[in-house]
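Residues per chain, in single letters:
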Amino acid sequence: MASLMEELMATLVEEEKLYSELIPIEEDKTRAIVESNLERMQVITESEREMVDKTTALEAKREEITLNIATVLGKNPKTITLDEIEESLKKQPKDRDKLQKIHDSLKKTVNRLKDVNEMNKELLQESMNMVEFNMNVMRSAQMTSGSSNYGSNASEVDGMAPTRPRFDATQ
């Protein structure tokens, strides 16, 4: 059991390190989004993919270790949490404290990464809304230039009718 705990802690430390390395990449992505720098965003996306592949491998390793620990503890492998594993270390306060510190650090790093990703998501959505708005303005300008002639019943405009709304009211 001790070797499983050591392996779990080492894996969690590696995961935390990778997530920590991902934060500056995501912050760089924020700057690239704000600057509308598509080339830099492509480079960043490639870096993200590499990091995600590494974290996916570590997560699989952590899940396997956790399954083994759950089996040893007689707990349900599908529902066991790090808190429960920490609780099982009552008689080993040194290991318990170490696992708690690693767990807290990992939670803090993951929450920071979530915040940066949420900001990037919002910025990308705003950028997409702005692009759509600009496209609507351009289409509207094309439609109104030279097509202001009404038909004989004055309810139709000669020329092409817009195929979809030109302005999104949510903006």
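Anything mentioned here points back to the structure above.
Let us look at the side chain of Glu16. With respect to the helices, strands and loops of the structure, Glu16 is situated in helix α1 (residues 2–35). Here Glu16 sits buried without a salt bridge, and the closest side chain of opposite charge, Lys108, lies 8.3 Å off (N-O distance).

Taken together, the side chains of Asp115, Glu118, Glu122 and Glu126 make up a negatively charged region of the molecular surface. Along the chain, the position of Glu126 falls in helix α4 (residues 93–144).

Turning our attention to the packing of α1 against helix α2 (residues 38–73). Contact pair α1 / α2: the axes reach a minimum separation of 9 Å and the direction vectors enclose 160 degrees. With respect to α2, the element α1 is oriented roughly antiparallel. Between α1 and α2 lies a crossing of left-handed hand. Here the residues of the contact of α1 with α2 are counted per class, giving 17 nonpolar, five polar and 15 charged.

Let us look at the side chain of Lys29. Position of Lys29 among the secondary structure elements: in helix α1. Look past the residues within four positions of Lys29 in its chain and what remains in contact with it is Ile44, Glu48 and Asn120.

Quick notes on the rules
- Residues numbered from 1 in each chain as written.
- Predicted model: local features only at pLDDT ≥ 70, side-chain atom pairs only at ≥ 80, totals over all residues.
- Heavy atoms only, no water.
- Helix = DSSP H or I, 4+ residues; strand = E, 2+ residues; numbered from the N terminus.
- Buried < 20%, exposed > 50% of the residue type's maximum accessible area, 1.4 Å probe, protein only.
- Lys, Arg positive; Asp, Glu negative; His and termini not counted.
- Salt bridge = Lys/Arg side-chain N within 4 Å of Asp/Glu carboxyl O.
- Patch = residues over 30% accessible without salt bridge, like charges linked within 9 Å, V, L, I, M, F, W, Y side chains within 5 Å.
- Areas by Shrake-Rupley, 256 points an atom, 1.4 Å probe, with all protein chains shown as cover.
- Charge placed at Lys NZ, Arg CZ, Asp CG, Glu CD.
- Axes fitted to C-alpha atoms, helices over the stretch in contact; angles between N-to-C directions.
- Parallel < 35°, antiparallel > 145°, perpendicular 65-115°, else oblique.
- Left-handed = near helix turned anticlockwise from the far one by under 90°.
- Nonpolar A, V, L, I, M, F, W, Y, C, P; charged D, E, K, R; others polar.
- Contact = heavy atoms within 4.5 Å.

What is shown is where atoms sit, not what they do.
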